[in-house]
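# Close look at the chain arrangement
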Amino acid sequence: MKKFFVHLGGGVGDSRSDFRCGFTELIKKKITKNDKAFIVEANPKNIDDLKSCYQNFENVDVLNFGITHDKTQEYEFFYTEDDAPHYHVCSLEINHVKKHYPNSIINSFKIKAININEFLEKYVGNQIDYLSIDLEGIDYEILMKIDLSKIIIENISIEHLHLNKIQKKTMVNHLNL
């Protein structure tokens, strides 16, 4: 049976020897020739590294656009050169970048971001076997906007370090629908 892997916020994958990405390792370990993976990364500075990371995997698509919980359109994303060479903290939320790099100059770029449900409908369909959400400050909003009446998600990895107790409880309730 075909499995679907979706990595929202792919960063640089494991293309650099000084960094490990657990979800990239999972994909490379579990994906078969019949499966499909979509790696979404908004920051164009990371795309070449991501493509290099997955160069031996024909069934992995690296996509250079953002994901949003709002409408599909062009958005401004924020980052800092102090986060080089990995650029892990690239966000729609400038304050998220400032929180991680309070004394840094914040740069920005504009790129199209696709609504999460539109993305899932267009690229994935109605089932995801492994979903990773690491979207730097909007993880919770993205997960809460996923229309779970239209898609089955077997396994989810989400960065929850920045969530408060109420958000965590609300997220669990949302997933138990």
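Look a little higher up for the structure.
Read on for an overview of the structure.

A count of helical and extended segments in the chain gives six helices and eight strands. Reading the chain from its N end, one meets helices and strands in the order β-α-β-α-β-β-β-α-β-α-β-α-β-α. Over its C-alpha atoms, taken along the principal directions, the chain stretches across nearly 50 × 40 × 30 Å. Looking at the chain as a whole, 47% of its 177 residues qualify as buried. Contacts spanning at least 24 positions in sequence make up 71% of the contacts within the chain whose residues lie at least 6 apart. Accessible surface, the chain as shown: approximately 9,600 Å² in total, 46% of it carbon and sulfur. Within the chain, one finds 22 positive and 26 negative side-chain charges whose respective centroids are separated by 4 Å.

Okay, the packing of aromatic side chains next. Within the structure shown, the criterion is met by nine aromatic pairs. Relative to Tyr-123, the ring of Phe-65 has its centre 5.9 Å away and its plane inclined at 35°; by these criteria the two rings are tilted. In this pair, Phe-65 sits in the loop between strand S3 (60-63) and strand S4 (66-68) while Tyr-123 sits in helix H4 (residues 116-124), placing the two residues 58 residues apart along the sequence. Both rings, one in Tyr-79 and one in Phe-109, keep their centres 5.9 Å apart while their planes meet at 50°; by these two values the pair is tilted. Here Tyr-79 is found in strand S5 (residues 73-79), whereas its partner Phe-109 is found in strand S6 (residues 107-115), with 30 residues between them in sequence. For Phe-109, a relative accessible area of 15% corresponds to the buried category. Grouped by ring-pair contacts, the aromatic residues Phe-38, Phe-65, Phe-119 and Tyr-123 constitute a single cluster. Over the aromatic face of Tyr-54 sits the side chain of Lys-28, whose NZ or CZ is 5.7 Å from the ring centroid.

What follows concerns the layout of surface pockets. Looking at the largest pocket, its volume works out to about 430 Å³. If you go around the largest pocket, you meet 33 residues; those closest to its centre are Gly-9, Gly-10, Gly-11, Asp-134 and Glu-136. Sorting the residues of the lining of the largest pocket by element identifies helix H1 (22-30), S4, strand S7 (127-133) and strand S8 (152-158) as the ones contributing at least two each. For the lining of the largest pocket, the per-class residue count stands at 16 nonpolar, twelve polar and five charged. Estimates place the volume of the second largest pocket at around 170 Å³. What lines the second largest pocket is a set of 13 residues, among which His-96, Gly-137, Ile-138, His-162 and Leu-163 lie closest to the centre. Along the lines of polarity and charge, the residues of the lining of the second largest pocket split into three nonpolar, five polar and five charged.

Definitions and limits used
Residues numbered from 1 in each chain as written. Predicted model: local features only at pLDDT ≥ 70, side-chain atom pairs only at ≥ 80, totals over all residues. Heavy atoms only, no water. Helix = DSSP H or I, 4+ residues; strand = E, 2+ residues; numbered from the N terminus. Buried < 20%, exposed > 50% of the residue type's maximum accessible area, 1.4 Å probe, protein only. Contact = heavy atoms within 4.5 Å. Areas by Shrake-Rupley, 256 points an atom, 1.4 Å probe, with all protein chains shown as cover. Lys, Arg positive; Asp, Glu negative; His and termini not counted. Charge placed at Lys NZ, Arg CZ, Asp CG, Glu CD. Phe/Tyr/Trp six-rings, centres within 6.5 Å; stacked < 30°, edge-to-face > 60°. Lys NZ or Arg CZ within 6 Å of the ring centre and 35° of its normal. 1 Å grid on protein atoms, 1.4 Å probe; cavity = no way out; pocket = protein on both sides within 12 Å on 5 of 7 lines; lining within 4 Å. Points joined across faces, edges and corners; volume = space filled by probe spheres on them. Nonpolar A, V, L, I, M, F, W, Y, C, P; charged D, E, K, R; others polar.

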